Amino acid sequence: MSAYEPKIVGIFCNWCAYTAADLAGISRMKYAPNVRIIRVMCSGRFDPQMVFWAFKHGADGVLIAGCHPGDCHYQEGNYKALRRYKLLQKLLDQLGIERERVRLEWISASEGEKVKQVIDEMTETLRRLGPLKIQEAPGEEAAAAPAAGGGHHG
């Protein structure tokens with residue numbers, strides 16, 4: 001039996017966090033290979049629906065990373081991301097999903113080491129939590145099933 005390895009989706013801003021991840025790769029830093037990064041132009045483009053889509057499609061956690069406050073290429077995009085992240089935390093609580101499954105980090109373009117540290121920490125946290133288990137909403141299963149009989153009644 002193999003050990004559980006969490007799947008993490010990373011939503012990284014183009015200007016800072018993605019550049020830092022690229023620096024970590026170029027510098028040949030060794031870190032957990034559990035993250036699949038999606039590059040967005042700004043962390044302000046992150047939407048809580050992206051997190052739920054990732055969870056629905058097998059992710060155990062989502063890492064959102066953007067420029068440090070005050071350094072956003074689009075002036076205030078990271079503040080927008082922070083407001084959405086705080087809303088998302090409340091939604092996670094209501095749904096019974098551990099807050100640790102979603103993490104927001106500020107990472108500048110020169111912080112390749114921080115990318116390594118954050119990914120390793122999040123991977124360990126998710127290993128401890130185990131796989132994400134999402135329960136179907138009542139009636140969702142029935143709504144997805146085709147109606148019995150299925151023929152045309154005319």
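Residues numbered from 1 in each chain as written. Predicted model: local features only at pLDDT ≥ 70, side-chain atom pairs only at ≥ 80, totals over all residues. Heavy atoms only, no water.

**Q** Hey, could you go over a nonpolar patch on the surface for me, with residue numbers and the actual values?
**A** Taken together, the side chains of Trp15, Met41 and Tyr74 present a nonpolar region at the surface, about 300 Å² in accessible area. Here Trp15 shows up in the loop between strand 1 (8-13) and helix 1 (17-26). A relative accessible area of 35% places Trp15 in the partly exposed class. (Patch = residues over 30% accessible without salt bridge, like charges linked within 9 Å, V, L, I, M, F, W, Y side chains within 5 Å. Areas by Shrake-Rupley, 256 points an atom, 1.4 Å probe, with all protein chains shown as cover. Salt bridge = Lys/Arg side-chain N within 4 Å of Asp/Glu carboxyl O. Helix = DSSP H or I, 4+ residues; strand = E, 2+ residues; numbered from the N terminus. Buried < 20%, exposed > 50% of the residue type's maximum accessible area, 1.4 Å probe, protein only.)

**Q** I'd like a description of the pairing of strand 3 (residues 61-66), backed by residues and values.
**A** In terms of residue burial, strand 3 counts as a mostly covered element, since six of its six residues are buried. Residues of strand 3 alternate between two faces, with Gly61, Leu63 and Ala65 on one and Val62, Ile64 and Gly66 on the opposite face, all of them buried. Judged from the five bridges that link them, strand 1 and strand 3 form a sheet pairing that is parallel. Counted as the bridge partner of Ile11 is Ile64 from strand 3. Where strand 3 meets strand 4 (residues 102-106), five bridges bridge the pair, whose relative direction is parallel. Paired with Gly66 across the two strands is Trp106, which belongs to strand 4. On the question of chirality, the crossover connecting strand 3 to the parallel strand 4 by way of helix 3 (residues 77-95) is right-handed. (Pairing = 2+ DSSP bridges. Right-handed = clockwise from strand over helix to strand, strands pointing away.)

**Q** I'd like to hear about the packing of helix 2 (residues 48-56) against helix 3, residue by residue, with values.
**A** Packing of helix 2 against helix 3 brings their axes to within 9 Å, and their N-to-C directions diverge by 45°. In terms of their interaxial angle, helix 2 and helix 3 are classed as oblique. Here Pro48, Val51, Phe52 and Phe55 of helix 2 come into contact with helix 3, specifically with Arg84, Leu88, Leu91, Leu92 and Leu95. The class makeup of the residues in the contact of helix 2 with helix 3 is eight nonpolar, no polar and one charged. (Axes fitted to C-alpha atoms, helices over the stretch in contact; angles between N-to-C directions. Parallel < 35°, antiparallel > 145°, perpendicular 65-115°, else oblique. Contact = heavy atoms within 4.5 Å. Nonpolar A, V, L, I, M, F, W, Y, C, P; charged D, E, K, R; others polar.)

**Q** I'd love a proper account of the pairing of strand 1, names of residues and values included.
**A** In terms of burial, strand 1 is a largely internal element, six of the six residues being buried. Neither face of strand 1 is open: one carries Ile8, Gly10 and Phe12, the other Val9, Ile11 and Cys13, and all of them are buried. Here strand 1 pairs with strand 2 (residues 35-40) via six bridges, running parallel. Bridge pairing links Phe12 to Arg39 in strand 2. A crossover links strand 1 with its parallel partner strand 2, the connecting element being helix 1, and its sense is right-handed.

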